[in-house]
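Analysis of the macromolecular model
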Amino acid sequence: AQCAAAQPSACRTVVVCSDDLGAAEEFAREMGRAHPELSVRFRARKSVPNPLVRGHWQAEFNSLSAEDRRSMTLEFLADVQVMRAAKALVCTHSSNVGRLVALLRDGPTVSLDGEWTNG
């Protein structure tokens, strides 16, 4: 919203970076209904065990082969770079990833769950 208000013609794509594929798919459907002029993109993610499709579970991740862990780590780092370079970021500061990316960014960042405090 901030990006669209600042430069309406500059924002035509929304990228969803999430460890929950279902949440990304649901967001894409809702945005498609509310703003059909926008393109919503998300990573389908490498084929992973079912528990890892709905969030990060360290024990499940640790049980993967070294090749699969490397591949998922590279996907995560690519998502961090996309979020860092975005014109605007909407995240949650309750998420370690959201806070990390907020610190790495120069652009506007909005948290859905309030301000981040370090105390």
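Residues numbered from 1 in each chain as written. Predicted model: local features only at pLDDT ≥ 70, side-chain atom pairs only at ≥ 80, totals over all residues. Heavy atoms only, no water.

**Examining helix H5 (residues 96-104)**
Using the following cut-off: Each residue is assigned to one of three classes by its accessible area relative to the maximum for its type, calculated with a 1.4 Å probe on protein chains only: buried under 20%, partly exposed between the two thresholds, exposed over 50%. Working definition: helices are DSSP H or I runs of at least four residues, strands are E runs of at least two. Numbering for both runs from the N terminus. It is the directions from the helix axis to the C-beta atoms that the arc portrays. The criterion used for residue contact is that any of the two residues' heavy atoms lie within 4.5 Å. Each polar contact in these results corresponds to two N or O atoms within 3.5 Å; when the atoms are within protein, one needs to be able to donate a hydrogen and the other to accept it, and residues that are neighboring in sequence are counted only if both atoms are side-chain atoms.
When H5 is considered as a whole, its buried residues turn out to be Gly98, Arg99 and Val101. For H5, the angular spread of the buried residues around the axis is 165 degrees, confining them to a single face. Seen from the open side of H5, the exposed residues pointing more than 90 degrees away from its buried face are Asn96 and Leu103. On the buried face of H5, the contacting elements are helix H4 (66-85) and strand E3 (89-91). The backbone nitrogen of Val97 has a side-chain oxygen 3.1 Å away, supplied by the residue at the start of H5, namely Ser95.

**A closer look at a nonpolar patch on the surface**
Just so we agree on the cut-off: Patches in this entry comprise residues that are over 30% relatively accessible and not in a salt bridge; like charges within 9 Å are linked, as are nonpolar side chains (Val, Leu, Ile, Met, Phe, Trp, Tyr) within 5 Å. Working definition of accessibility: Shrake-Rupley area with a 1.4 Å probe, residue cover restricted to the visible protein chains. Counted as salt bridges are all cases of a side-chain nitrogen of Lys or Arg within 4 Å of a carboxyl oxygen of Asp or Glu.
A contiguous nonpolar patch, built from Leu74, Phe76, Leu77, Leu100 and Leu104 and spanning about 420 Å² of accessible area, is present on the exposed surface. If you list the elements that add at least two residues to the nonpolar patch, you get H4 and H5. Broken down by element, the residue count for the nonpolar patch peaks at three residues, all from H4. Mapped onto the fold, Leu77 is located in helix H4. Exposure remark for Leu77: the relative accessible area of 48% places this residue in the partly exposed category.

**With respect to the packing of H4 against H5**
For the record, the criterion: Comment: axis = line fitted to C-alpha atoms, over the contacting stretch for helices; angle = value between 0 and 180 degrees taken between N-to-C directions. Our angle categories are set so that under 35 degrees counts as roughly parallel, over 145 as roughly antiparallel, 65 to 115 as roughly perpendicular, and the remainder as oblique. Crossing handedness is read from the near helix: turned anticlockwise from the far helix by less than a right angle, it gives a left-handed crossing, and turned clockwise, a right-handed one. Three classes are used: nonpolar for Ala, Val, Leu, Ile, Met, Phe, Trp, Tyr, Cys and Pro, charged for Asp, Glu, Lys and Arg, and polar for all others, with Gly counted as polar.
Interhelical geometry of H4 versus H5 gives an angle of 50 degrees and a closest axis separation of 9 Å. Here H4 is positioned oblique relative to H5, judged by the angle of their axes. You can see that H4 and H5 cross each other, and the crossing is right-handed. Residue-level contacts link Phe76, Val80, Met83 and Arg84 of H4 to Val97, Val101 and Leu104 of H5. Looking at the contact of H4 with H5 residue by residue, the classes come out as six nonpolar, no polar and one charged.

**Looking at the pattern of salt bridges**
Going through the model one piece at a time under the given rule, you end up with one salt bridge. Residue Arg33 pairs with Glu30 through a salt bridge whose shortest N-O separation is 2.9 Å. Taken together, the positions of Arg33 and Glu30, both in helix H2 (residues 21-34) and three residues apart, correspond to about one turn of that helix. Its relative accessible area of 59% is what places Arg33 among the exposed residues. Classification of Glu30 as partly exposed rests on a relative accessible area of 42%.

**A word on the confidence of the model for the chain**
In low-pLDDT regions, the fine details of the predicted coordinates are not to be read closely. Put simply, the rule reads: As a per-residue quantity, pLDDT reports the predictor's confidence and falls between 0 and 100.
Of all residues in the chain, 79% have pLDDT values of 70 or greater, and the mean over the chain is 81. Within the model, pLDDT remains below 50 along residues 1-5, and this stretch shows seven contacts once partners closer than five positions in the same chain are excluded.

**So, the nonpolar core**
Inclusion rule: Only buried residues count toward a nonpolar core. Its members are Ala, Val, Leu, Ile, Met, Phe, Trp, Tyr and Cys residues joined through side-chain atoms within 4.5 Å.
Counting residues in hydrophobic clusters, the biggest one holds five residues: Val80, Met83, Leu89, Cys91 and Val101. Broken down by secondary-structure element, the contributors of at least two residues to this core are H4 and E3. In this structure, Cys91 is in contact with Gly98, Thr109, Val110, Ser111 and Leu112, ignoring residues within four places of it in sequence.

**Structural notes on the pairing of strand E1 (residues 13-16)**
To be explicit about the condition: For two strands to count as paired, DSSP must find a minimum of two bridges between them. With its strands directed away from the observer, a crossover is right-handed exactly when the path from the first strand over the helix to the second travels clockwise.
By the bridge criterion, four bridges tie E1 to strand E2 (residues 39-42) in an arrangement that is parallel. Residue Thr13 lies in a different strand from E2, and its bridge partner there is Ser39. Crossover connection from E1 via H2 to parallel E2: handedness right-handed.

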